[in-house]
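Residue strings, one per chain:
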Amino acid sequence: MSTKDTIINKLREAFLPESLDVVDESHLHEGHAGHRPGGETHFRVYIVSPAFEGKSRIERHRMINATLAEELAGSVHALAIHAHALGEKPR
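Residues numbered from 1 in each chain as written. Predicted model: local features only at pLDDT ≥ 70, side-chain atom pairs only at ≥ 80, totals over all residues. Heavy atoms only, no water.

Undergrad: Which parts of the structure should I look at to understand the nonpolar core?
TA: For soluble globular proteins, the rule of thumb is that nonpolar side chains tend to be buried together. Ranked by size, the top nonpolar core spans 16 residues in total, and within it I7, L11, I47 and I64 carry the most contacts. The set of elements that each furnish at least two residues to this core consists of α1 (3–15), β2 (42–48) and β3 (78–84). Ranked by the residues each element gives to this core, the list is headed by α1, at four residues. (Core = buried A, V, L, I, M, F, W, Y, C linked by side-chain atoms within 4.5 Å. Buried < 20%, exposed > 50% of the residue type's maximum accessible area, 1.4 Å probe, protein only. Helix = DSSP H or I, 4+ residues; strand = E, 2+ residues; numbered from the N terminus.)

Undergrad: Looking at this structure, how should I read the sheet that holds strand β1 (residues 19–24)?
TA: Pairing within the open sheet is mixed, and its three strands lie in the order β1-β2-β3. Edge positions in the open sheet fall to β1 and β3, since each of these has one partner strand only. Taking each pair of neighbouring strands and ignoring which way they run, the sheet shows an average axis angle of 10 degrees. In the packing of helix α2 (residues 57–67) onto the sheet, contacts are made with β2 and β3, and the angle to β3 comes to roughly 125 degrees. (Pairing = 2+ DSSP bridges. Axes fitted to C-alpha atoms, helices over the stretch in contact; angles between N-to-C directions. Contact = heavy atoms within 4.5 Å.)

Undergrad: Where do I start with the pattern of salt bridges in this structure?
TA: Two side chains that carry opposite charge are able to pair once their charged atoms sit near each other. For the structure shown, the criterion picks out four salt bridges. Counted as one network, the salt bridges with shared partners bring together K10, E70 and E71. (Salt bridge = Lys/Arg side-chain N within 4 Å of Asp/Glu carboxyl O.)

Undergrad: What am I meant to see in the environment of T3 here?
TA: With respect to the helices, strands and loops of the structure, T3 is situated in helix α1. The spatial distance from the C-alpha of T3 to the C-alpha of E40 is 6.3 Å, given a sequence separation of 37 residues. Aside from chain neighbours lying at most four places away, what touches T3 is E40, F43, S75 and V76.

Undergrad: Please clarify how the packing of aromatic side chains should be interpreted in this entry.
TA: According to the stated counting rule, one finds one aromatic pair in the structure shown. Seen from their ring centres, F15 and F52 are 5.2 Å apart, and the 40 degrees between their planes marks the pair as tilted. Linking F15 in helix α1 with F52 in the loop between β2 and α2, this pair joins segments that are 37 residues apart in sequence. (Phe/Tyr/Trp six-rings, centres within 6.5 Å; stacked < 30°, edge-to-face > 60°.)

Written as C-alpha cells, this is what we have:
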C-alpha cells in the first residue's frame, strides 16, 4: 500500500470526513530537504469533518498529526493541512 493510501485510510477511519483529498506534492520538492527518489515525502491534506467542530486550527492539526504520527516519524517529511468543520468556508 502506498503512503498516500495509508494516509487516506487512517484519516477516513479517524475522522469520517465529509470530504477528503490527499495530494502528493513530492515532485515539487525535488532537490530540497526530505525529498527521496520515488516521492511520497510531501503531502497536502484537504479534509472536512464534523470531528473538527468547535476545534481551533491548532487542535485540528494536532488531531491529524497524532493520527499520522507513524508516517510523520518515518517516510513523510512534510504535511500541509487544510482542515475544516462542516459548513465552514476554506480560508
